[in-house]
Amino acid sequence: MKEFAGKVAVVTGGGQGIGRALVERFTDEGMKAVVADVVPELVEQTTSDLRDQGREVIGVVTDVTSLDSVEALRDATLDAFGAVHVVCNNAGIGSGSEGQIWEHHVNDWRWSLDVNVMGVVNGINAFVPTMLERGDDGHVVNTTSGNGGFTPLINSAVYASTKAAVTTITECLWGQLQEVGARISASLLYPSTRSPGMLNTGIWRPGANRPARYDRPGAPPTEGRDALGEYQRRMDAAGLPVVFAPLSEVADLCFEGIRDDVFWITAPSEAQQAKIRARAESQIAMTAPDYLLEANLMASKPAGTAAE
């Protein structure tokens, strides 16, 4: 895609965080946008705020775990704007799983897989056939993470596994679109910024908005666990101040990636590149993945430390 004014973008998880930043960036380019989110209050407030700024947006309450709901999102988009050109399968959750991988409740796995993986699959199934049928230039962006999409943090097995799956799904989508000569391309968005700092998004509230069908004993409260506060306390104890980078930079990277047809949309990081090389070298040499045992402050118990 090279022309954006008047085109239509759909963003799941668009009520806050990176999703909202994406909507703002697309509408900055003169696009029309659809804010899709599972939280009705967020959809209403975000669309109201954006319209007050003069942006052409609609909001659709959407549960990405349901293909019917995502198809209804597609139909609402077509009814409002007559077309869809960019689809950002961005909705994602932190499961709130605790303990070791063998202690994670199966409902933590089910919920995360349904949102983070099946949400992407449902987005592809609902929108890509329509986009192909219209024959317009288009783009599908699936939000992954360096945690799992490149190498996993071993203390977040559920989340990392879902993002590894999203990476593979998107690679296959890109390849198949190329095979059929489609005017649609696909990309992976690794939330990252050129400025140093963390990203303050809803993913720091693991367990938030968990539907009753995924409940489990001892689940985090409905507003989610305050993982950001926990992280900040660990960083403070280590004498390392927490700095946040603007989410608008993630949206800038995404837009530039669509415009330039970049598959791996990410801000280059020497530390991440070193892990990617270490993983590839381990695979080629068939050695143990020792690179996973590096201590990290993202986890409450840094990797490689002995059990208490």
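Thresholds, definitions, all that
- Residues numbered from 1 in each chain as written.
- Predicted model: local features only at pLDDT ≥ 70, side-chain atom pairs only at ≥ 80, totals over all residues.
- Heavy atoms only, no water.
- Helix = DSSP H or I, 4+ residues; strand = E, 2+ residues; numbered from the N terminus.
- Rg over C-alpha atoms; globule rule 2.2 N^0.38 Å.
- Buried < 20%, exposed > 50% of the residue type's maximum accessible area, 1.4 Å probe, protein only.
- Contact = heavy atoms within 4.5 Å.
- Areas by Shrake-Rupley, 256 points an atom, 1.4 Å probe, with all protein chains shown as cover.
- Lys, Arg positive; Asp, Glu negative; His and termini not counted.
- Charge placed at Lys NZ, Arg CZ, Asp CG, Glu CD.
- Pairing = 2+ DSSP bridges.
- Right-handed = clockwise from strand over helix to strand, strands pointing away.
- pLDDT = per-residue confidence, 0-100.
- Phe/Tyr/Trp six-rings, centres within 6.5 Å; stacked < 30°, edge-to-face > 60°.
- Salt bridge = Lys/Arg side-chain N within 4 Å of Asp/Glu carboxyl O.
- Axes fitted to C-alpha atoms, helices over the stretch in contact; angles between N-to-C directions.
- Parallel < 35°, antiparallel > 145°, perpendicular 65-115°, else oblique.
- Left-handed = near helix turned anticlockwise from the far one by under 90°.
- Nonpolar A, V, L, I, M, F, W, Y, C, P; charged D, E, K, R; others polar.

Novice: Please explain the overall build of the chain as it appears in this structure.
Specialist: Each helix and strand in the chain was counted, giving nine helices and seven strands. In terms of overall dimensions, the chain is globule-like: its C-alpha atoms have a radius of gyration of 19 Å, near the 19 Å expected for 308 residues. Judged by the C-alpha coordinates and their principal axes, the chain covers about 60 × 45 × 35 Å. Relative to its full complement of 308 residues, the chain shows a buried share of 47%. Across the chain, every contact between residues at least 6 apart in sequence was considered, and the portion connecting residues at least 24 apart equals 70%. Carbon together with sulfur atoms contributes 52% to the accessible area of the chain, which is approximately 14,600 Å² in total. Put simply, the chain has 25 plus and 39 minus side-chain charges, and the middle of one group is 1 Å from the middle of the other.

Novice: What is the right way to read the side chain of Thr130 from this model?
Specialist: With respect to the helices and strands, the residue Thr130 is situated in helix 4 (residues 106-134). A residue is classified by how much of its surface remains accessible, and Thr130, at 15% relative accessible area, is buried.

Novice: Would you explain the pairing of strand 2 (residues 32-37) in this entry?
Specialist: Regular strands show a simple pattern: their side chains alternate between the two faces of the sheet. Counting buried positions along strand 2 gives five out of six residues, so the element sits mostly inside the fold. Bridge analysis of strand 1 (residues 8-12) against strand 2 gives five bridges, and the strand direction is parallel. Bridge pairing in strand 2 links Ala9 to Ala33. This β-α-β element, strand 1 to helix 1 (residues 17-28) to strand 2, shows right-handed connectivity.

Novice: Help me out: how do you make sense of the confidence of the model for the chain in this one?
Specialist: Where the model shows low pLDDT, its predicted coordinates should not be examined in detail. The share of residues in the chain with pLDDT of 70 or more is 95%, and the mean pLDDT across the chain is 92. Segment residues 302-308: pLDDT under 50, and 10 contacts once partners within four positions in sequence are set aside and those in other chains are kept.

Novice: Just to check I follow, could you spell out the packing of aromatic side chains for this structure?
Specialist: Two measures describe an aromatic ring pair: the distance that separates the ring centres and the angle between the ring planes. Per the counting criterion, the structure on display carries seven aromatic pairs. Aromatic side chains Phe4 and Phe255 sit 4.7 Å apart centroid to centroid with 55 degrees between the ring planes, which places their arrangement in the tilted category. Residue Phe4 is found in the segment before strand 1, and its partner Phe255 is found in helix 8 (residues 247-260); the two are separated by 251 residues along the sequence. Like Phe255, Phe4 is buried. Members of the aromatic cluster, connected to one another through ring pairs, are Phe150, Trp174, Tyr190, Phe263 and Trp264.

Novice: What is the right way to look at the pattern of salt bridges in this model?
Specialist: Pairs can form between side chains of opposite charge once their charged atoms are near each other. Per the counting criterion, the structure on display carries 14 salt bridges. Among the salt bridges present, the one from Asp63 reaches Arg213, with a minimum N-O distance of 3.6 Å. A residue pair is termed long-range when its members are at least 10 positions apart, and Asp63 in the loop between strand 3 (57-61) and helix 3 (67-81) and Arg213 in the loop between strand 6 (184-189) and helix 7 (227-237) qualify at 150 residues.

Novice: What is the right way to look at unusual backbone geometry in this model?
Specialist: When glycine is set aside, most residues are seen to have a negative phi, and most peptide bonds are trans. Its identity as a non-glycine residue notwithstanding, Asn209 has a phi of 65 degrees, on the positive side. Counting through the fold element by element, Asn209 comes out in the loop between strand 6 and helix 7. Asn209 gets classed as partly exposed once you look at its relative accessible area, which sits at 47%. Positive phi outside glycine occurs at Asp261, with the angle close to 55 degrees. Structurally, the position occupied by Asp261 is in the loop between helix 8 and strand 7 (264-265).

Novice: What is the right way to look at the packing of helix 1 against helix 8 in this model?
Specialist: The relative placement of two packed helices is expressed as an angle between their axes plus a distance between the axes. Contact pair helix 1 / helix 8: the axes reach a minimum separation of 8 Å and the direction vectors enclose 55 degrees. In terms of orientation, helix 1 lies oblique with respect to helix 8. By crossing handedness, the relation of helix 1 to helix 8 is classed as right-handed. Of the residues in helix 8, those in contact with Gly17, Ile18, Ala21, Leu22, Arg25 and Phe26 of helix 1 are Leu247, Ser248, Val250, Ala251, Asp252, Cys254, Phe255 and Ile258. A class-by-class count of the residues in the contact of helix 1 with helix 8 yields 10 nonpolar, two polar and two charged.

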